[in-house]
Amino acid sequence: MTRSRAQDPDVCGVTAAIAVMDGKWKTALLWLLESGPQRPGELRRQLPGLSEKVLTQALREMETDGLVHREVHDVLPLKTVYSLTAFGRELSEALGPVADWGHRRLEKLAQSPPAS
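Chains are numbered independently. Their residues run from 1 in the order of the written sequence. Whole-chain, interface and lining totals are the exception, using all residues; otherwise, since this is a predicted model, local features are given only for residues with pLDDT of at least 70 and side-chain atom pairs are given and counted only at 80 or more. With hydrogens and water stripped out, all remaining heavy atoms of the structure feed into the side-chain values.

## A few points about the environment of Ala 94
Right, so step 1: Locating Ala 94 in the fold gives a position in helix 5 (residues 86-94).
Right, so step 2: Partly exposed residues are those whose accessible area sits between 20% and 50% of the maximum for their type, while under 20% is buried and over 50% is exposed, using a 1.4 Å probe and protein chains only. Using a relative accessible area of 48% as the deciding quantity, one classes Ala 94 as partly exposed.
Right, so step 3: When the C-alpha atoms of Ala 94 and Leu 47 are compared, they prove to be 23 Å apart, with 47 residues separating the residues in sequence. Helix and strand assignments come from DSSP, with helices taken as H or I runs of at least 4 residues and strands as E runs of at least 2, each series counted from the N terminus.

## Let's talk about the pattern of salt bridges
Right, so step 1: The salt bridge definition used is simple: a Lys or Arg side-chain nitrogen within 4 Å of an Asp or Glu carboxyl oxygen. On inspection of all chains with the given rule, the structure shows two salt bridges.
Right, so step 2: The partner of Glu 52 in a salt bridge is Arg 44, and the shortest N-O contact between them spans 3.8 Å.
Right, so step 3: A relative accessible area of 53% means that Glu 52 is categorised as exposed.

## Side note on the side chain of Thr 85
Right, so step 1: The residue Thr 85 is located in the loop between strand 2 (79-84) and helix 5 in this model.
Right, so step 2: Contacts described as polar in this section are N or O atom pairs within 3.5 Å, which, within protein, must combine one atom able to donate a hydrogen with one able to accept it, while residues neighboring in sequence count only if both atoms come from side chains. Among the polar contacts made by the side chain of Thr 85, one reaches the main-chain carbonyl oxygen of Gly 66 at a distance of 2.5 Å.
Right, so step 3: Here Thr 85 is in contact with Gly 66, Leu 67, Val 68 and His 69, once residues within four sequence places are set aside. Only heavy atoms enter the contact rule, under which two residues are in contact if any of them lie within 4.5 Å.

## Some details on the packing of helix 2 (residues 26-33) against helix 4 (residues 52-64)
Right, so step 1: Where helix 2 meets helix 4, the axes come as close as 10 Å, and the angle between the chain directions of the two elements is 75°. Taken together, the axes of helix 2 and helix 4 lie roughly perpendicular to each other. In contact with Lys 26, Leu 29 and Leu 30 of helix 2, helix 4 contributes Leu 55, Ala 58, Leu 59, Glu 61 and Met 62.
Right, so step 2: By residue class, the composition of the contact of helix 2 with helix 4 is six nonpolar, no polar and two charged. Fitted lines through C-alpha atoms serve as axes, helices being fitted only where they are in contact, and the angles separating the N-to-C directions of these axes extend from 0 to 180 degrees. Roughly parallel here means an angle under 35 degrees, roughly antiparallel means over 145, roughly perpendicular means 65 to 115, and every remaining angle is called oblique. We call Asp, Glu, Lys and Arg charged. Ala, Val, Leu, Ile, Met, Phe, Trp, Tyr, Cys and Pro are nonpolar, and the rest, Gly among them, are polar.

Note that every value here comes from positions in space, so none of it alone points to a role or purpose.
Below, the structure is given as structure tokens:
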């Protein structure tokens, strides 16, 4: 899905929301930032396999979309902290029922015998 779909006024609301969350790491980053502001290094340590480049790209896109706030403290070395905006918290809360559904689906899959 292209990022431009997130801004297309003629697209359905669900598609616009998914376009903002599209990517392997964004929902995990939303989930981690729910607990409060974090530095990029803290986020990377909690998400093994996430490269610094991809983290930076995802956070920049999320900042552009109004989901996260980037604060740079004027100390040496520079200290950058990311936090959810009110808009980001709203999205995170909206995803709660979707997460619940996903957990129920995983439980159902675990109980079902494998298809042959």
